[in-house]
Amino acid sequence: MTRSAHVIVVGGGIGGLAAALGLLRAGQRVTLLEQVASLGEVGAGLSITPNAGKALDFLGLGDVLGRIGNTPPAGQIRHFQTGATLVNLPQDQSREKYGKPLYHVHRADLHAALAAAVAALDAGCLHTGCEVRHVDSRADGVRVTLADGTAIDADWLVGADGIHSRVRAELMGPDRPNFTGYVAWRGLIPGELVEPALLDPPLCMTVGPRRMLMRYPLRRGALVNFVAIARRTAWMEEGWSVRSERHELLDEFADFESHTLRLLALTPVDRLFKWGLFDRDPLPGWTRGRATLLGDAAHAMPPFTGQGAVMALEDAAILGRAAAATPDPDELMQRYEAARLPRVTAALVMSRARSELYFADDPLQQVRALGAGMAELRTLYDYDAATVPV
Ligand code: FAD
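Residues numbered from 1 in each chain as written. Predicted model: local features only at pLDDT ≥ 70, side-chain atom pairs only at ≥ 80, totals over all residues. Heavy atoms only, no water.

The next subject is the packing of aromatic side chains. By the definition in use, this model includes nine aromatic pairs. Where phenylalanine 80 meets phenylalanine 256, the ring centres are 5.4 Å apart and the plane angle is 55°; that geometry is what we call tilted. Taken together, the positions of phenylalanine 80 in the loop between strand S4 (75-79) and strand S5 (85-89) and phenylalanine 256 in the loop between helix H7 (246-252) and helix H8 (258-264) put the pair 176 residues apart, joining distant regions of the chain. Consider the rings of tyrosine 182 and phenylalanine 359, whose centres lie 4.6 Å apart with planes at 45°: the pair is tilted. You can see tyrosine 182 sitting in strand S12 (residues 178-190) and its partner phenylalanine 359 sitting in the loop between helix H11 (329-358) and helix H12 (363-378), a full 177 residues away along the chain. The class for tyrosine 182 is buried, based on a relative accessible area of 1%. In this structure an aromatic cluster arises from ring pairing among Phe80, Trp185, Phe253 and Phe256. (Phe/Tyr/Trp six-rings, centres within 6.5 Å; stacked < 30°, edge-to-face > 60°. Helix = DSSP H or I, 4+ residues; strand = E, 2+ residues; numbered from the N terminus. Buried < 20%, exposed > 50% of the residue type's maximum accessible area, 1.4 Å probe, protein only.)

And the structure:
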């Protein structure tokens, strides 16, 4: 009998946990190394489109989205100053058209479900408080060195350590992230603080010159999630996601109509973060020796198509299928990369192309761009990670 391969997964975000799940289900021995001391409630709302639902089905979590997610209600796009309805957005038809609904979920709920599924297969494989500093990828195996000097050997490795990926830098050399020219505020407001008039309709996008705000309910309305994006010439902060003062957000959107401002003013200060939006240029390949990349580490993209976490879930399902198809790490990484690289590069390019159009000066131009963008985005929904060739 052949010994199952030992794989190190670096990073315990959505991508790393999903990869660990796919690999455990394929019979690999997994060691997941996450730098934070404990996996906790981090993040805000994510759109989980039907293609991600199919990847989660493959990973054995098909029922989770129905439990933790909201299917988006009918909504509107509104004018920033008058509040006038520019477009009525009908109830999402994804279930009928693509076989899976689109869900809005709290990142923490999806993350917790993935962590529980991994722990159910191998509770001992999750190691927190383990910051990977060095990766030595050879032809026949890998060695990682942690911040405390501990060395761990394995047959192969997956770097799922996010947009700041240490593994990517170790494998490919340092490259500069690109500031997209946009800043996003993400906030969560307890539903009980909000008077119903401010949530009519529950899903609403408000467009104004060079700015956009999207809000939708999470956890069956217990939370109101919003993302507010504005153009900026530079990002001066230390981190890419930092606490924001409420007045900074309110100043940026000061010319928006009063319902929007009243809602934003309710954001608890500990639930308001701002993000400099960065991406990285697509790589021609993700694999060096016995190590490869997944999720934002491989293909960080701006969030204008809402596909970052979705693509990480697809990656994980395909990686699991490649591992089930062959015991040879070199062959499985090659199959994984060949199946995924064209798809995620197309999504990255699509997301970049939308940014200029979505943030035009004229709201009517923005609305036309959003309509075209949503239609283009839906071309990604048909992909089924369980059945595409690997
Ligand atoms: P991460 O979630 O960044 O996880 C990386 C993990 O690696 C972290 O836990 C980190 O602590 C760990 N780590 C880092 N370095 C090390 C190290 N050296 N050693 C050990 N561990 C390490 N995506 C969607 O699909 N839908 C959306 O609607 C959506 N909206 C978004 C809105 C905004 C404003 C932004 C900024 C992003 C949005 N995204 C969305 C993108 C999505 O959040 C990311 O693409 C996704 O979370 C990436 O997952 P990941 O697992 O690759 O990386």
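What follows concerns the site of the ligand. Residues in contact with the ligand amount to 31 residues; listed here are only the nearest, Gly15, Glu34, Ser47, Asp296 and Ala309. Contact between the ligand and isoleucine 14: an oxygen atom at 3.4 Å from a main-chain N or O atom of the residue. Contacts to the ligand include glycine 308, whose backbone N or O atom sits 3.4 Å from a nitrogen atom. Relative to its free-state accessible area of 1,000 Å², the ligand is covered by the protein chains to the extent of 86%. Where the shell around the ligand is concerned, the elements lending two or more residues are helix H1 (14-25), strand S3 (45-48), S12, strand S17 (272-279) and helix H10 (308-325). Per-element tally for the shell around the ligand: the top contributor is H10, with three residues. For the shell around the ligand, a count of residues per class yields 13 nonpolar, eleven polar and seven charged. (Near = heavy atom within 4 Å. Polar contact = N/O pair within 3.5 Å; in protein donor to acceptor, adjacent residues only side chain to side chain. Areas by Shrake-Rupley, 256 points an atom, 1.4 Å probe, with all protein chains shown as cover. Nonpolar A, V, L, I, M, F, W, Y, C, P; charged D, E, K, R; others polar.)

Right, let's talk about empty space enclosed by the protein for a bit. In this structure the tally under the stated criterion is two cavities of 30 Å³ or more. Considering each element in turn, the lining of the largest cavity owes the most residues, three residues, to H8. Along the lines of polarity and charge, the residues of the lining of the largest cavity split into five nonpolar, three polar and three charged. Counted as a void, the second largest cavity has a volume near 40 Å³. Forming the boundary of the second largest cavity are Pro282, Leu283, Trp286, Ala298, His299, Leu341, Val344, Thr345 and Leu348. Where the lining of the second largest cavity is concerned, the elements lending two or more residues are helix H9 (296-299) and H11. Among the elements that make up the lining of the second largest cavity, the one with the highest residue count is H11 (four residues). Its residues placed into classes, the lining of the second largest cavity shows seven nonpolar, two polar and no charged. (1 Å grid on protein atoms, 1.4 Å probe; cavity = no way out; pocket = protein on both sides within 12 Å on 5 of 7 lines; lining within 4 Å. Points joined across faces, edges and corners; volume = space filled by probe spheres on them.)

Attention now goes to the packing of H1 against helix H5 (residues 107-122). Any two packed helices are characterised by how steeply their axes cross, that is the angle between the axes, and by the distance between the axes. At a minimum axis separation of 9 Å, H1 and H5 run at an interaxial angle of 30°. With respect to their mutual orientation, H1 and H5 come out roughly parallel. Along this stretch, H1 crosses H5, giving a crossing that reads as left-handed. Along the contact surface, H1 presents Ile14, Leu17, Ala18, Ala20, Leu21, Leu24 and Arg25, while H5 presents Arg107, Leu110, His111, Leu114, Ala115, Ala117, Val118, Leu121 and Asp122. When its residues are assigned to classes, the contact of H1 with H5 shows twelve nonpolar, one polar and three charged. (Axes fitted to C-alpha atoms, helices over the stretch in contact; angles between N-to-C directions. Parallel < 35°, antiparallel > 145°, perpendicular 65-115°, else oblique. Left-handed = near helix turned anticlockwise from the far one by under 90°. Contact = heavy atoms within 4.5 Å.)

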